[in-house]
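Chain by chain, the residues run as shown.
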Amino acid sequence: MREHVADRRVTAIRKAEPINMESMAALELAVAEWANTGRTTAAIFAWWLLVGTWASTRFDDLLHVRPHAITLGADSLRLTAWRTKTSRRGRGVDYSIPRVGVTDTDWLRTGYDLWRAHATSSYMQGDFLLPFCDPRAGIEWHSPATLEHFVATQHIIMTEALHVAKQATEGLVANANKTTGHSMRCLLYTSDAADEEDSV
């Protein structure tokens, strides 16, 4: 019986599609362009995706970051997830993201400043980083994101970013639409990224 259950579980598991270098570059360019053209929600969401990917987090890890504990220094962005898939509450995991990128844009500073300028005070004192977000309707700062809606928005933002970068080829758009809540964990283009398990 246990062997049967294990076989079914293995069959059900899907491998997470990594976010590739072309999409990373497109997201960085999109943060800069959207910040300058008033597409605030899209820019902030793209920034969250970049932060999550550079930090190599899962959706749940990034969700459980307290906004007020995020700090941007001269060289890096620092954040702590108070709970992750592999840790218990009270035993947080620290992340440090160097102030670098695939492009020559200062996407980390641009996105950080935009996020801080628009975030509500109650959200900043809360215990989740990712609020419910609709690229067209805006951000509901008081409501935490759900995995299903976050991934759907992720597909939209990644595809639109590829258009911004004039890289919206059939293959790259297909890759964007295959990404999941674990794709940020599959850091960039590593060859073993596809081994990250994902059931969503």
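Quick note: structure is the one above.
Reading the values: rules and limits
- Residues numbered from 1 in each chain as written.
- Predicted model: local features only at pLDDT ≥ 70, side-chain atom pairs only at ≥ 80, totals over all residues.
- Heavy atoms only, no water.
- Helix = DSSP H or I, 4+ residues; strand = E, 2+ residues; numbered from the N terminus.
- Buried < 20%, exposed > 50% of the residue type's maximum accessible area, 1.4 Å probe, protein only.
- Contact = heavy atoms within 4.5 Å.
- Areas by Shrake-Rupley, 256 points an atom, 1.4 Å probe, with all protein chains shown as cover.
- Expected span 1.5 Å × (residues − 1).
- Pairing = 2+ DSSP bridges.
- Axes fitted to C-alpha atoms, helices over the stretch in contact; angles between N-to-C directions.
- Salt bridge = Lys/Arg side-chain N within 4 Å of Asp/Glu carboxyl O.

Trainee: Could you clarify how one ought to interpret the overall build of the chain in this entry?
Mentor: Secondary structure assignment for the chain yields eight helices and seven strands. By residue count, 50% of the 200 residues in the chain fall in the buried class. For the chain, restricting intrachain contacts to residue pairs at least 6 apart in sequence, the fraction spanning at least 24 positions comes to 61%. Here the chain displays about 10200 Å² of accessible surface, and carbon together with sulfur accounts for 50% of that area.

Trainee: Even after reading the chapter, I still don't get helix α3 (residues 40-55), so can you show me in this structure?
Mentor: Side chains of residues three or four places apart in an α-helix project in the same direction, reflecting 3.6 residues per turn. Between its terminal C-alpha atoms α3 stretches 22 Å, which fits the 22 Å expected from 16 residues at 1.5 Å a residue. Burial runs high along α3: 15 of the 16 residues are buried. Looking one or two residues beyond α3, the residue adopting positive phi is serine 56, at roughly 60°.

Trainee: What is the right way to look at the sheet that holds strand β2 (residues 71-72) in this model?
Mentor: Strands pair in a sheet through their backbones, by hydrogen bonds, and they do so in one of two ways: parallel or antiparallel. Spatially, the three strands line up as an open sheet ordered β2-β3-β4, and their pairing is antiparallel. Each edge of the open sheet carries a strand with a single partner, namely β2 and β4 (93-98). Inspection of the sheet shows β2 paired to strand β3 (residues 76-81) by two bridges, in the antiparallel sense. What sits directly across from threonine 71, in β3, is arginine 78. Taken strand by strand, α3 contacts β3 and β4, and its axis lies near 105° from that of β4.

Trainee: Any chance you could explain the pattern of salt bridges here in plain terms?
Mentor: When the charged atoms of two side chains lie near each other, side chains of opposite charge can form a pair. As enumerated under the stated definition, the model contains five salt bridges in all. A salt bridge links glutamate 160 to arginine 39; the nearest nitrogen and oxygen atoms lie 2.9 Å apart. Taken together, the residues glutamate 160 in helix α7 (residues 147-164) and arginine 39 in the loop between α2 (21-36) and α3 connect sequence positions 121 residues apart. The buried category is assigned to glutamate 160, whose relative accessible area is 18%. Owing to a relative accessible area of 29%, arginine 39 belongs among the partly exposed residues under this scheme. The partner of aspartate 113 in a salt bridge is arginine 109, and the shortest N-O contact between them spans 3.0 Å. Here arginine 109 and aspartate 113 lie together in helix α5 (residues 107-118), a separation of four residues that amounts to about one turn. Judged by relative accessible area, which is 28%, arginine 109 ranks as partly exposed. The structure contains a network of salt bridges with shared partners spanning Arg39, Arg136 and Glu160.

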